[in-house]
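As a plain string of letters, each chain reads:
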Amino acid sequence: MSDTLSTLARDLVDEITRTASLDGRLISDRALIKDLSLTDRVTLEARGTDSVLTDHDSPAFISRITSRSAPFTEVFFGAPDDRQQRILRAAAGYLLEQKPELLAMDKLLGLHEEHRHHCRTIVTKPYARLLAMWDKLIFDLGPDMVDDPPDQVQIMIPEWQEYARKQGLPPISILVDAVNRVTFVLGSDYFGEVKKGHLRMAMYVEKVKFKNGNSGGLGVHAGGKVIRALDAATGRLEDRGALFFGLSGTGKTTLSVHHLWLDPKQGETVVIRQDDFFVLSPGGMAYGTEDNAYIKTEGLEADGQPLLYAGATGPHAILENVYVDPRKREPDFFRYDHPHVPGGQCYNGRGIVVRRELDYTDDRIDLDRVDYIFFITRRETIVPPVARLNTEQAAAFFMLGESILTSAADPTKAGLSVRSVGTNPFIVGSEGEEGDIFYDILRANPHIQCFLLNTGGFGGRDIDRSFERLDSPESLDKLRRFLKGERHEDIGKLVELTLRDGTTAQFKVSLVRYEVFHGYKRVRSRNNLKAVIEGVETGRIPGSKVELVEIEALAGQKITIPDSAAIIREIARGRVEWKQDVFWGYEVPASIPGLDLGRFDPTRYYDPAEIQLMNEALKAERITWLESFKDLDIAIKDVLK
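Now for a look at the structure at hand. Quick caveat: nothing in here was measured; it's all calculated off a predicted structure. (Residues numbered from 1 in each chain as written. Predicted model: local features only at pLDDT ≥ 70, side-chain atom pairs only at ≥ 80, totals over all residues. Heavy atoms only, no water.)

### Section: the overall build of the chain
As a reminder of what qualifies: Under the DSSP-based scheme used, a helix requires at least four consecutive residues in state H or I and a strand at least two consecutive residues in state E, with every element numbered from the N terminus. Our radius of gyration is a C-alpha quantity, and the globule rule it is checked against amounts to 2.2 Å times the number of residues to the power 0.38. Two residues form a contact once any of their heavy atoms are found within 4.5 Å. For the accessible areas, the method is Shrake-Rupley and the probe is 1.4 Å, while residue cover comes only from the protein chains on display. In this count, Lys and Arg are taken as positive residues and Asp and Glu as negative ones, while His and the chain termini are left out. One atom stands in for each charge, and that atom is NZ of Lys, CZ of Arg, CG of Asp or CD of Glu.
When you go through the chain residue by residue, the secondary structure sums to 16 helices and 32 strands. Relative to its length of 641 residues, the chain is compact, with a C-alpha radius of gyration of 25 Å against a globular reference of 26 Å. The C-alpha extent of the chain, read off along each of the three principal axes, is 80 × 75 × 55 Å. Across the chain, every contact between residues at least 6 apart in sequence was considered, and the portion connecting residues at least 24 apart equals 75%. Summing over all exposed atoms, the chain offers an accessible surface of approximately 26,300 Å²; the carbon and sulfur share of this is 48%. Of the charged side chains in the chain, 82 are positive and 97 negative, and the gap between their average positions amounts to 2 Å.

### Concerning the packing of aromatic side chains
To keep things clear, this is the line we draw: The pairing test for Phe, Tyr and Trp rings, Trp by its six-membered ring, is centres within 6.5 Å, and the orientation test on the planes gives stacked under 30 degrees, edge-to-face over 60, and tilted for anything in between. Per-residue accessibility, obtained with a 1.4 Å probe over protein chains only, is compared with the maximum for each type, and a residue is labelled buried under 20%, exposed over 50%, and partly exposed between these values.
With the rule as written, the count across this model stands at 25 aromatic pairs. Ring plane angle 80° and centroid distance 6.1 Å describe the contact between Phe245 and Phe398, whose orientation is recorded as edge-to-face. Residue Phe245 is located in strand S10 (residues 237–245), and its partner Phe398 is located in helix H10 (residues 391–400); the two are separated by 153 residues in the primary sequence. On the basis of relative accessible area, Phe245 is assigned to the buried category, the value being 0%.

### Quick notes on the sheet that holds strand S14 (residues 293–296)
The strands making up a sheet associate through backbone hydrogen bonding, with each pair oriented either parallel or antiparallel. Rules: Here, any two strands with at least 2 DSSP bridges between them count as paired.
Overall, mixed pairing links the four strands, which are arranged S2-S15-S18-S14 in an open sheet. Whereas interior strands pair on both sides, the edge strands pair on one side only; in this sheet they are strand S2 (60–61) and S14. Relative to strand S18 (residues 350–353), strand S15 (residues 318–320) runs antiparallel, the two sharing three bridges. Opposite Ile318, over in S18, you have Ile352 as the bridge partner.

### Things to note about the layout of surface pockets
What counts, and what does not: Grid points spaced at 1 Å over the protein atoms alone were grouped into cavities, where a 1.4 Å probe fits but cannot get out, and pockets, open sets with protein on both sides within 12 Å along at least five of seven lines, with lining residues defined by an atom within 4 Å of a point. Grid points are joined across faces, edges and corners, and a volume is the space filled by probe spheres set on the points.
Here the second largest pocket is characterised by a volume of approximately 590 Å³. Around the second largest pocket, the lining comprises 26 residues; the ones closest to its centre are Asp581, Val588, Phe600, Asp601 and Pro602. Secondary structure elements with two or more residues in the lining of the second largest pocket: strand S31 (577–580), strand S32 (587–591) and helix H15 (608–627). For the lining of the second largest pocket, the element with the most residues is H15, which contributes six residues.

### Re empty space enclosed by the protein
Rolled over the atoms, a probe with the dimensions of a water molecule shows which regions are left empty. Our working rule: In this count, Pro and Cys sit with the nonpolar residues alongside Ala, Val, Leu, Ile, Met, Phe, Trp and Tyr, while Asp, Glu, Lys and Arg are called charged and the others, Gly among them, polar.
A complete count under the given rule lists four cavities of 30 Å³ or more for this structure. Size it by volume and the largest cavity reaches roughly 70 Å³. Forming the walls of the largest cavity are Leu109, His115, His117, Leu199, Ala202, Met203, Glu206, Gly219, Phe277, Phe278, Val279 and Thr289. Every element with two or more residues in the lining of the largest cavity is listed here: helix H7 (192–211) and strand S12 (277–280). Here the element with the most residues in the lining of the largest cavity is H7; it accounts for four residues. Its residues assigned to classes, the lining of the largest cavity comprises seven nonpolar, four polar and one charged. Here the second largest cavity defines a volume of roughly 60 Å³.

### Regarding the pattern of salt bridges
Filter applied, for reference: The term salt bridge refers to a side-chain nitrogen of Lys or Arg lying within 4 Å of a carboxyl oxygen of Asp or Glu.
Enumeration according to the criterion identifies 55 salt bridges in this entry. Between Asp135 and Arg30 there is a salt bridge, with the nearest N and O atoms lying 3.1 Å from each other. Taken together, the residues Asp135 in helix H5 (residues 128–137) and Arg30 in helix H2 (residues 30–37) connect sequence positions 105 residues apart. On the basis of relative accessibility, which here comes to 25%, the residue Asp135 falls in the partly exposed class. The closest approach of N and O atoms between Arg513 and Asp462, which form a salt bridge, is 2.8 Å. Taken together, the residues Arg513 in strand S27 (residues 504–518) and Asp462 in strand S25 (residues 461–469) connect sequence positions 51 residues apart.

This is the structure:
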């Protein structure tokens with residue numbers, strides 16, 4: 001085993017692979033891996049059945065870990081520190097000394113000759129389901145690549161946690177050597193680590209190649225398709241390539257894989273290419289990475305998302321952490337019971353659907369030309385359903401990558417802003433550099449139009465509903481259950497309010513949260529609330545002097561999938577009339593055929609002082625974020641000032 005730190009991770013992978021091969025412990029038979037996945041123990045024990053199949057005869061797996069372990073993910077560049085070395089050597093020691101059987105699969109990320117990556121994934125035998133999903137998601141190697149060494153390798157040891165505790169090591173560790181293109185995933189059995197781990201490494205290599213002038217490009221967390229629409233100006237059908245950026249849960253996949261209710265009698269249609277990652281080239285092309293789509297299934301239904309629903313309920317789909325009735329074997333996308341999640345509810349159900357079995361697809365994954373870029377956000381108050389951005393504004397919103405946290409992430413932070421540059425949590429290296437590259441690509445391709453697209457709501461608000469002293473077991477129990485993430489019985493309830501124009505509207509309760517008044521402070525953070533409970537229980541803080549506040553967060557008037565589809569459709573047809581927003585400087589729609597923009601008039605919901613305060617607070621928040629990137633072009637930093 002080499003002691004050269006610059007290649008330690010790769011040397012360990014090579015030794016693990018070589019030793020397991022010599023011992024006959026490295027299995028790469030696809031049929032056997034599939035058969036093993038159908039007896040997945042975690043799924044069968046959790047569901048209490050003897051089959052992992054749904055009534056559609058498609059696998060529906062359950063994992064113990066149900067989301068990415070981002071806080072435990074560390075990236076280094078060829079030189080792990082002492083602690084990382086110890087973890088890497090321990091992981092290799094486990095595989096070399098305990099000698100578990102290993103499953104290996106080589107697949108291809110991307111098809112374009114200059115933007116394809118040979119990926120090898122190795123997992124311990126009980127977790128064959130991870131490779132069954134990996135096999136479904138991306139491409140097989142071409143005949144000319146089968147005997148080549150892989151470009152990048154990922155090793156997963158999901159059962160690591162017990163071994164790690166005995167060794168005094170962290171129970172979960174994801175260690176990424178970006179230079180040598182090796183990732184070790186230790187202690188997680190969530191498939192998203194496989195997918196994102198390989199994409200993370202490939203995107204970094206693409207960026208390095210781009211910077212060195214050797215082809216390459218900017219890896220972007222975006223779905224994409226071709227929109228063929230009847231152009232109002234020319235009267236001809238025009239093909240427009242569109243990219244959809246968005247954080248998880250914003251509707252990126254839904255809009256990337258939607259027919260937009262275009263008019264087939266006029267020859268209008270869409271051609272779906274990808275639901276997730278592309279490589280955006282300097283020339284304004286976008287190269288796809290995956291064969292099929294890895295979708296979020298929470299609330300999936302046939303009316304609003306017909307293509308995805310058909311794909312997820314088809315015989316060739318693979319579901320993950322979706323509730324399946326153990327008797328009828330029917331998946332239920334509106335039920336979230338899960339045995340391994342605190343609170344017993346998992347809101348991160350996923351599925352792999354076969355793209356070419358959906359309508360509106362072809363055999364390609366690339367966009368020859370990008371014409372539109374949509375930055376999808378999910379806000380609930382004053383962000384318009386769509387805004388058209390100039391080049392500098394577009395680069396700024398690429399950097400902002402904004403949405404709001406949901407109760408699935410952390411109920412105490414629900415409704416707060418969350419930002420991720422490029423809506424891409426997998427950037428390796430400088431984030432400001434990514435913004436500068438994106439800005440350069442836009443300037444080199446002035447035909448690309450960029451838009452901010454809100455898929456959340458409009459006119460939302462928080463309402464303080466009740467106040468009580470924190471001096472009874474009942475009030476303490478309410479706060480404890482909230483911190484555990486238990487769902488409040490009022491969530492989903494409709495509340496009718498009278499608007500400023502005299503009309504009434506119903507608002508849905510999206511969250512019930514609790515805060516406390518302690519002294520002169522209003523306490524909201526999880527740790528501080530726990531400290532208050534501890535103080536009351538120990539008598540250090542008199543409960544009679546602490547006020548518990550119950551707050552209902554009312555979602556704004558929903559910007560629906562048909563609304564967003566109409567916006568995109570009419571942009572492609574060139575039929576949206578625009579006007580400048582005086583406060584923000586970007587353009588907002590004056591009219592959109594078939595869409596009542598009066599629903600999104602802020603003066604219906606808020607008085608002028610409220611609107612001004614919300615705009616100013618949001619602008620300050622955005623400017624502060626942009627100024628935090630020292631290497632970001634000043635033109636991007638200053639555009640919102």
